[in-house]
Amino acid sequence: DLTPKETKALFEKLEWKTIAGFQTRNVPHRGHEYLQRTALELVDGLFIHPLIGRRKAGDYTANAIRLSYEAFISEFLPKKRVLLSFLTTTMRYAGPREALFHAIIRRNYGCTHFIIGRDHAGVGSFYGKYEAQELVRKYESELGINILYFKGPFFCRFCDTIVTEKTCAHYSRLSKEETDISGTEIRRMLVQAVQPDIRLMRPEVLESILGIELFIQEEK
């Protein structure tokens, strides 16, 4: 996968002046797609940079992440404005502090912007929903990279589309079960061989990972 020197050279060749980095350890779902498309409205290019190093049992395998993102980008994103590469480092599940670490990594890869959404690098409900954003705001002026602070996307049945609490008029009347597109919940569905609703995950993404080992059985 690409080194920081290589990504910087590619960004220059592509004439991207502004680049948003996107951190993930999941296969793409519609919530992340919403964040990526929103970022593409603001910058020249999107650097999708999944972490595939050592992670906990139950996380997606590197192969599942790779195949699903290749299929997703090929079908649904403007390929000339997106670069996919993979980061082999340990996932620490350190929430706010790891959000700072991830921002610095993407700065070193040449990104000018970095996306931080809901519960970045969290595990379970250990960290507050936007605790990572709160910590990063304190140090943003020292990071050397601009942060894109996004609320957590969800599907609103009234709006009939993916929205966030900042863009939806119905947020206050929706139950907790109706809000947030949860990567954890989608993993649970896939473990139980339940196909996620098309509003949560694109069928083309799911098809790209059928028949392969989806989840890490032991920590790697």
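Located above this text is the structure these notes cover.
Treat the numbers as computed from the prediction; the structure is a model and nothing was measured.

With 6 of its 6 residues buried, strand E2 (residues 45-50) lies for the most part within the structure. Across the two faces of E2 the burial is the same, with Gly 45, Phe 47 and His 49 and Leu 46, Ile 48 and Pro 50 all buried. As paired strands, strand E1 (residues 19-24) and E2 are joined by 6 bridges and run parallel to one another. In the sheet register, Ile 19 faces E2, and the bridge partner there is Gly 45. Each parallel crossover has a hand, and for E1 linked through helix H2 (residues 30-40) to E2 it is right-handed. Here E2 runs beside strand E3 (residues 82-84); their pairing, made up of 3 bridges, is parallel. The residue of E3 that forms the bridge with Ile 48 is Leu 84.

Before going further, it helps to spend a moment on the pattern of salt bridges. This structure, assessed with the given rule, holds 9 salt bridges. Salt-bridge contacts for Asp 59 lead to Arg 25; the nearest nitrogen and oxygen are separated by 3.1 Å. Placement of Asp 59 in the loop between E2 and helix H3 (62-76) and of Arg 25 in the loop between E1 and H2 is noted, with a sequence separation of 34 residues between them. Classification of Arg 25 by relative accessible area gives buried; the value is 11%. Its salt-bridge partner being Lys 129, residue Glu 165 comes within 3.9 Å of it at the nearest N-O pair. Of this pair, Glu 165 sits in the loop between strand E7 (161-163) and helix H6 (183-191) while Lys 129 sits in the loop between strand E4 (113-116) and helix H5 (131-143), and the two are 36 residues apart along the sequence. A relative accessible area of 27% means that Glu 165 is categorised as partly exposed.

Taken in spatial order, the 5 strands line up as E3-E2-E1-E4-E5 in an open sheet, and their pairing is parallel. Both outer strands of the open sheet, E3 and strand E5 (146-149), are each paired with one neighbouring strand and no more. Each neighbouring strand pair of the sheet contributes to a mean axis angle of 25°, computed without reference to strand direction. Where E4 and E5 come together, 4 bridges link them in parallel fashion. Across the sheet, the residue bridging to Ile 115 is Leu 148, located in E5. Taken strand by strand, H2 contacts E1, E2, E3, E4 and E5, and its axis lies near 170° from that of E1. Across the sheet, H5 lies against E4 and E5, angled at about 160° from E5, the strand it touches most.

What counts and how
Residues numbered from 1 in each chain as written. Predicted model: local features only at pLDDT ≥ 70, side-chain atom pairs only at ≥ 80, totals over all residues. Heavy atoms only, no water. Buried < 20%, exposed > 50% of the residue type's maximum accessible area, 1.4 Å probe, protein only. Helix = DSSP H or I, 4+ residues; strand = E, 2+ residues; numbered from the N terminus. Pairing = 2+ DSSP bridges. Right-handed = clockwise from strand over helix to strand, strands pointing away. Salt bridge = Lys/Arg side-chain N within 4 Å of Asp/Glu carboxyl O. Axes fitted to C-alpha atoms, helices over the stretch in contact; angles between N-to-C directions. Contact = heavy atoms within 4.5 Å.

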